[in-house]
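Each chain, written out:
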Amino acid sequence: MTEYSVECGCGRAVDVSPTQAGTQTTCTCGRTIDVPRLSQLRTAAGESAFSAGAVATVRQMLAAGQCAVDGRCSNCGVDTNATRGVHVICERVHVADKSNSRGIVSIISFIFSPLTIGLWIAWRIMTSKTQPKETGRETVVRVPLPVCDLCQKRVSRTKNQRKLHALLRTVPIYAQLLDEYPDAQVIVD
Ligand SMILES: [Zn+2]
Ligand SMILES: [Zn+2]
């Protein structure tokens, strides 16, 4: 697994693995270091922030039809050829929250109404067109998850992210994907 390094306050470069992204690590000097998000680690290492190793591998496997060829139900372990499409959202798009400034403006408008109410409405119309303000990007991969006929209904109803991660982790390459994106959101088709 690719190692990245983060600099400690003491000047040492501390090796971290992608699985440590977003967590903390300890330097030999005893200091606790916050490990940046994976995208930031990648950028710092001169790699493309969002072309994840596992994502690229999964996409290659999908293109070659090699994903989930093993055919063991991720839920009960029985041999099966049936699969269920699953979306893995690796990087969420962050939507800027404007509710605070909007709240303040509406209070002011209330106090000074009806003088400023027209202005406020105009402002709201203006800002509503530009919302939501998106920062960041998201990487979504749709993968086939081996699920036997008996488990299909049950798996399709599963919303619990921990359970869904556990199901995905029965396939090694998906486990690698989740190692790189521990906060990935999983949605069953
Ligand atoms: Zn240190
Ligand atoms: Zn099953």
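None of these values were measured; they are calculated from a predicted model. (Residues numbered from 1 in each chain as written. Chains lettered and ligands numbered in written order. Predicted model: local features only at pLDDT ≥ 70, side-chain atom pairs only at ≥ 80, totals over all residues.)

Q: Explain the overall build of the protein chain here, please?
A: When you go through the protein chain residue by residue, the secondary structure sums to seven helices and nine strands. For the protein chain, with 189 residues in total, the buried portion stands at 24%. (Helix = DSSP H or I, 4+ residues; strand = E, 2+ residues; numbered from the N terminus. Buried ≥ 20, exposed ≤ 12 C-beta atoms within 10 Å, placed from the backbone.)

Q: Is there a simple way to think about the sheet that holds strand 8 (residues 140–146) in this case?
A: As a general point, the strands of a sheet are linked pairwise by backbone hydrogen bonds and lie either parallel or antiparallel. In spatial order, the strands read 8-5-9; together these three strands make up an open sheet with antiparallel pairing. Each having just a single partner strand, strand 8 and strand 9 (185–188) make up the two edges of the open sheet. Each adjacent strand pair in this sheet contributes to an overall mean axis angle of 30°, direction not counted. Note: strand 5 (residues 83–89) against strand 8, seven bridges, orientation antiparallel. Residue pairing in the sheet places valine 88 in a bridge with valine 141 of strand 8. (Pairing = 2+ DSSP bridges. Axes fitted to C-alpha atoms, helices over the stretch in contact; angles between N-to-C directions.)

Q: Where do I start with the confidence of the model for the protein chain in this structure?
A: Mean pLDDT over the protein chain works out to 80, with 75% of the residues at or above the 70 mark. In the model of the protein chain, strand 7 (residues 134–135) stands out as the element of lowest mean pLDDT, 51, in contrast to helix 6 (residues 161–168), which has the highest, 96. (pLDDT = per-residue confidence, 0-100.)

Q: I'm lost on the packing of helix 2 (residues 53–63) against helix 7 (residues 172–180) in this one. Help?
A: Helix-helix packing is characterised by the crossing angle of the two axes and by the distance between the axes. As a packed pair, helix 2 and helix 7 sit with axes 8 Å apart at the nearest point and diverge in direction by 150°. Overall, the two elements helix 2 and helix 7 adopt an arrangement that is roughly antiparallel. Crossing angle aside, the handedness with which helix 2 passes helix 7 is left-handed. Of helix 7, the residues touching helix 2 (which contributes Gly53, Ala54, Val55, Thr57, Val58 and Met61) are Ile173, Gln176, Leu177 and Glu180. Here the residues of the contact of helix 2 with helix 7 sort into six nonpolar, three polar and one charged. (Parallel < 35°, antiparallel > 145°, perpendicular 65-115°, else oblique. Left-handed = near helix turned anticlockwise from the far one by under 90°. Contact = placed C-beta atoms within 7 Å. Nonpolar A, V, L, I, M, F, W, Y, C, P; charged D, E, K, R; others polar.)

Q: I keep staring at the environment of serine 39 and nothing clicks. Help me out?
A: By secondary structure assignment, the location of serine 39 is in helix 1 (residues 38–44). Judged by C-beta crowding, with 20 C-beta atoms within 10 Å, serine 39 ranks as buried. In this structure the C-alpha to C-alpha distance between serine 39 and proline 18, which are 21 residues apart in sequence, comes to 9.7 Å.

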